[in-house]
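One-letter residues, chain by chain:
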Amino acid sequence: MASFLNRGIESFLQLFYPIFRKWLAYDVYAYLAVGAINTALNILLFAVFYEFILPKEGWIIDGYTIASYTIALLLAFFITIPTGFWLSKNFAFRSASTGAKKTGKQLFKYILVVGQGLGSDYLILKGLILFLNMEPTLAKIFSTMIVLTVNFLLQKYFTFKNA
């Protein structure tokens, strides 16, 4: 199953790369493509949790209200960490070192980078909602675009850099 999935994703990437070859190196293109898949999953999960599952008034814990968009952001984040790491390691940054020890270090670095991304995403999301009165799902899309740009640079030059 995993091999079939790998071949399918790789074939998909190779099919569309000629369109982007003039403007993007393969690693940038692959990062954007697999990142788009994982980001779409993240936004979809956020929207499903926020729009359909979580109570609009948020959760009240010890007298403190946690906004539904905050909970949706966290749930979507934790669900898409494993898929994002797998996609990045296997398709965007394939030239990065392998081996169990190296993969463990990369996973740790990946979690650090996506953790800062989560913090940035939260602050931008909250700022767009509170200060610009933006609808939460639309704010999530804008904040994600900003965070993805920073995360690509960190993943390329920190997490999956070649020795």
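Residues numbered from 1 in each chain as written. Predicted model: local features only at pLDDT ≥ 70, side-chain atom pairs only at ≥ 80, totals over all residues. Heavy atoms only, no water.

## Some remarks on the overall build of the protein chain
Part 1 of the reasoning: Of the regular secondary structure elements, the protein chain holds five helices and two strands.
Part 2 of the reasoning: When the helices and strands of the protein chain are placed in sequence order, the string is α-α-β-β-α-α-α.
Part 3 of the reasoning: With the C-alpha coordinates of the protein chain rotated into their principal frame, the extents come out at 50 × 35 × 30 Å.
Part 4 of the reasoning: Sorting the 163 residues of the protein chain into buried and exposed places 40% on the buried side.
Part 5 of the reasoning: Restricting the contact set of the protein chain to residue pairs at least 6 apart, pairs at least 24 apart contribute 65%.
Part 6 of the reasoning: Surface summary for the protein chain: the accessible area is close to 9600 Å², and the carbon and sulfur share equals 72%.
Part 7 of the reasoning: Placing the 14 positive and 7 negative side-chain charges of the protein chain at their respective mean positions leaves the two points 19 Å apart. (Helix = DSSP H or I, 4+ residues; strand = E, 2+ residues; numbered from the N terminus. Buried < 20%, exposed > 50% of the residue type's maximum accessible area, 1.4 Å probe, protein only. Contact = heavy atoms within 4.5 Å. Areas by Shrake-Rupley, 256 points an atom, 1.4 Å probe, with all protein chains shown as cover. Lys, Arg positive; Asp, Glu negative; His and termini not counted. Charge placed at Lys NZ, Arg CZ, Asp CG, Glu CD.)

## As for the nonpolar core
Part 1 of the reasoning: Counting 36 residues, the largest nonpolar core has Leu-13, Val-34, Phe-46 and Leu-125 as its most contacted members.
Part 2 of the reasoning: For this core, the secondary-structure elements that each account for two or more residues are helix H1 (2-20), helix H2 (26-53), helix H3 (68-92), helix H4 (100-132) and helix H5 (136-159).
Part 3 of the reasoning: Leave out the neighbours within four places in its chain, and Leu-125 touches Phe-46, Tyr-69, Leu-73, Pro-136, Ala-139, Lys-140 and Ser-143. (Core = buried A, V, L, I, M, F, W, Y, C linked by side-chain atoms within 4.5 Å.)

## Considering unusual backbone geometry
Part 1 of the reasoning: One non-glycine residue with positive phi stands out, namely Asp-62, at about 50°.
Part 2 of the reasoning: By secondary structure assignment, the location of Asp-62 is in the loop between strand S1 (59-61) and strand S2 (64-66).

## Describing the side chain of Gln-155
Part 1 of the reasoning: Tracing the backbone shows Gln-155 in helix H5.
Part 2 of the reasoning: Its relative accessible area of 1% is what places Gln-155 among the buried residues.
Part 3 of the reasoning: In this structure the side chain of Gln-155 is engaged in a polar contact, spanning 2.5 Å, whose partner is the side chain of Thr-159.
Part 4 of the reasoning: For Gln-155, the contacting residues outside a window of four places in its chain are Tyr-31, Phe-93, Tyr-110, Val-113, Val-114, Phe-160 and Lys-161. (Polar contact = N/O pair within 3.5 Å; in protein donor to acceptor, adjacent residues only side chain to side chain.)

## Digging into the UniProt feature "transmembrane region" (unreviewed entry) in the protein chain
Part 1 of the reasoning: Within the UniProt annotation, "transmembrane region" (unreviewed entry) is assigned to residues 28-54, 66-87, 107-125 and 137-154.
Part 2 of the reasoning: For residues 107-125, the helix share is 100%, the strand share is 0%, and the end-to-end C-alpha distance is 26 Å.
Part 3 of the reasoning: Each end of residues 137-154 is marked by a C-alpha atom, and these two atoms are 25 Å apart; helix forms 100% of the span and strand 0%. (UniProt positions renumbered as here; feature names shortened; annotations may be inferred.)

## Description of the pattern of salt bridges
Part 1 of the reasoning: Scanning the entire structure with this criterion turns up three salt bridges.
Part 2 of the reasoning: The salt bridge partner of Asp-27 is Lys-156, with a shortest N-O separation of 2.2 Å. Pair noted here: Asp-27 is in helix H2 and Lys-156 is in helix H5, with a separation of 129 residues, a long-range link.
Part 3 of the reasoning: Judged by its relative accessible area of 19%, Asp-27 falls in the buried class.
Part 4 of the reasoning: With a shortest N-O distance of 2.6 Å, Asp-121 and Lys-140 are connected by a salt bridge. (Salt bridge = Lys/Arg side-chain N within 4 Å of Asp/Glu carboxyl O.)

## Concerning the environment of Leu-130
Part 1 of the reasoning: Summarising the element assignment, Leu-130 is placed in helix H4.
Part 2 of the reasoning: Sequence separation between Leu-130 and Ser-68 is 62 residues, and the spatial gap between their C-alpha atoms is 14 Å.

## Some words on a nonpolar patch on the surface
Part 1 of the reasoning: Residues Phe-12, Leu-15, Phe-16, Ile-19, Phe-20 and Trp-23 make up a contiguous nonpolar surface patch of about 640 Å² in total accessible area.
Part 2 of the reasoning: By the element assignment, Phe-20 lies in helix H1.
Part 3 of the reasoning: Using a relative accessible area of 33% as the deciding quantity, one classes Phe-20 as partly exposed. (Patch = residues over 30% accessible without salt bridge, like charges linked within 9 Å, V, L, I, M, F, W, Y side chains within 5 Å.)

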